[in-house]
Amino acid sequence: MLQNQTSILLIAASLCLPVIGAIAPAARADIRDFTLHNETSVNIQELHISNSGADKWGANLLDKDILLPDESADIVFEDNSTSCLYDIRAITDDGEIDKRQVNLCETVDFSVKE
């Protein structure tokens, strides 16, 4: 009887490990990660983010060549900054759209609008 219970526990534990592994990466996601939505009528060519008030824009964060109207893209942070307020610049077919002092610690979705 004890051997059966031990076998059942081992099987249950082995079945749980893949689930824990699948959940763990989500738990490590940066709080500033967000989904970008293109709610314009033009393509977004690039997306740049910088700490609010910084002198320079960061690198292009779009992992696609362009973001078409009504498309979305996941934006992932990979830096050690603890800042929450950021300026966001979308470079479109028609120019630039800037949004200042966006609190990315409280944002899971960000829409670029004309």
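Preceding this paragraph is the structure being described.
Predicted model only: the values in this text are computed from it and were never measured.

A. Seen up close, the pattern of salt bridges. Scanning the model with the defined rule gives six salt bridges in all. Here E39 ties to K113 by a salt bridge, and the two come within 3.9 Å at their closest N and O atoms. Of the two residues, E39 is situated in strand β1 (residues 34-39) and K113 in strand β6 (residues 109-113); the sequence distance between them amounts to 74 residues. Sharing partners across several salt bridges, the network here consists of D87, R89, E96, D98 and R100.

B. Region of interest: the state of the cysteines. This model, assessed by the stated rule, comprises one disulfide. Between the sulfur atoms of C84 and its disulfide partner C105 the distance amounts to 1.9 Å. One disulfide, between C84 and C105, carries an S-S torsion of -85° and so falls in the left-handed class. Taken together, the residues C84 in the loop between β3 (72-75) and β4 (85-92) and C105 in the loop between β5 (95-103) and β6 connect sequence positions 21 residues apart. The exposure class of C84 is partly exposed, given its relative accessible area of 27%.

Cut-offs and rules
- Residues numbered from 1 in each chain as written.
- Predicted model: local features only at pLDDT ≥ 70, side-chain atom pairs only at ≥ 80, totals over all residues.
- Heavy atoms only, no water.
- Salt bridge = Lys/Arg side-chain N within 4 Å of Asp/Glu carboxyl O.
- Helix = DSSP H or I, 4+ residues; strand = E, 2+ residues; numbered from the N terminus.
- Disulfide = S-S within 2.5 Å.
- Buried < 20%, exposed > 50% of the residue type's maximum accessible area, 1.4 Å probe, protein only.

In short, geometric facts, not functional conclusions.
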